[in-house]
Amino acid sequence: MPDKPLHLYMTMSEMLSDHLSTTGAYPDKFILSTLLHRQYLRDWVLMRQMVTTRIDPTNHMGVPIEISDITPSIMVASNGTEFALP
C-alpha cells in the first residue's frame, strides 16, 4: 500500500461506507498488520487535527481494529466475509 497521508484512513472509510450501504450493518472489525496500524495511527493524528469531533485510534468510525501480523490486513464483514485492504 502506498505511503500517502490519509490513504489508509480514507480506504477504510470507503470500505466501511460501502459495506454499510450494501448490508445496512457495520463490519465486525478491521484487522491490520503492525506496519499498517502505524500508518493508521499517523493518519489518525492528521485527521484529529482536521476534525472537531472526537475520534478513537482503537476503532475506525465505531468498528474495532485488531492488530495481527499473522492475518493479512482485512475488513471482516458483518457476515464474516473477509475483504483485503487494497
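What this report covers is the structure whose coordinates are included nearby. Computed from a prediction, not measured in an experiment: that's the story for all the values here.

1. Details of the pairing of strand β1 (residues 29–32)
Two elements, β1 and strand β4 (residues 74–76), share three bridges in a ladder whose sense is antiparallel. Note that in β4 the partner of K29 across the bridge is V76. As judged from the three bridges shared by β1 and strand β3 (residues 63–67), these two strands associate in the parallel manner. Paired with F30 across the bridge in β3 is I65.

2. Quick look at unusual backbone geometry
Its identity as a non-glycine residue notwithstanding, M61 has a phi of 55°, on the positive side. One can find M61 in the loop between β2 (59–60) and β3. A relative accessible area of 47% means that M61 is categorised as partly exposed.

3. Focus: the environment of L8
Tracing the backbone through its elements, the reader meets L8 in helix α1 (residues 7–23). Using a relative accessible area of 2% as the deciding quantity, one classes L8 as buried. Along the chain, L8 and L32 lie 24 residues apart, while their C-alpha atoms are 10 Å from each other.

4. Topic: the nonpolar core
Within soluble globular proteins, side chains that are nonpolar tend to cluster in buried spots. One finds L8, M12, F30, L32, Y40, I65 and L85 to be the most contacted residues of the largest nonpolar core, which totals 17 residues. Among the secondary structure elements, those contributing two or more residues to this core are α1, β1, α2 (34–50) and β3. Among the elements that take part in this core, α1 stands out by supplying five residues, more than any other. Residues in contact with Y40, not counting those within four places in the same chain, are L8, Y9, M12, L32, D56, P57, N59, H60 and I65.

5. Focus on the side chain of S33
As for its position among the elements, S33 is in the loop between β1 and α2. A distance of 3.1 Å separates a polar atom in the side chain of S33 from the backbone nitrogen of L36. Leave out the neighbours within four places in its chain, and S33 touches I67, S68, D69 and S73.

6. Side note on the pattern of salt bridges
What the rule picks out here adds up to two salt bridges. Ionic pairing is found between R42 and D43, a salt bridge with its closest N-O pair at 2.9 Å. Look at D43 and you get buried, because its relative accessible area is 0%.

7. Description of the sheet that holds β1
The five strands lie next to each other as β2-β3-β1-β4-β5, forming an open sheet whose pairing is mixed. What marks the edges here is a single partner per strand, and that holds for β2 and β5 (82–84). Here β4 pairs with β5 via three bridges, running antiparallel. What sits directly across from V76, in β5, is E82.

Cut-offs used in this document
- Residues numbered from 1 in each chain as written.
- Predicted model: local features only at pLDDT ≥ 70, side-chain atom pairs only at ≥ 80, totals over all residues.
- Heavy atoms only, no water.
- Pairing = 2+ DSSP bridges.
- Helix = DSSP H or I, 4+ residues; strand = E, 2+ residues; numbered from the N terminus.
- Buried < 20%, exposed > 50% of the residue type's maximum accessible area, 1.4 Å probe, protein only.
- Core = buried A, V, L, I, M, F, W, Y, C linked by side-chain atoms within 4.5 Å.
- Contact = heavy atoms within 4.5 Å.
- Polar contact = N/O pair within 3.5 Å; in protein donor to acceptor, adjacent residues only side chain to side chain.
- Salt bridge = Lys/Arg side-chain N within 4 Å of Asp/Glu carboxyl O.

In short, the description is geometric, and any link to function would need to be established separately.
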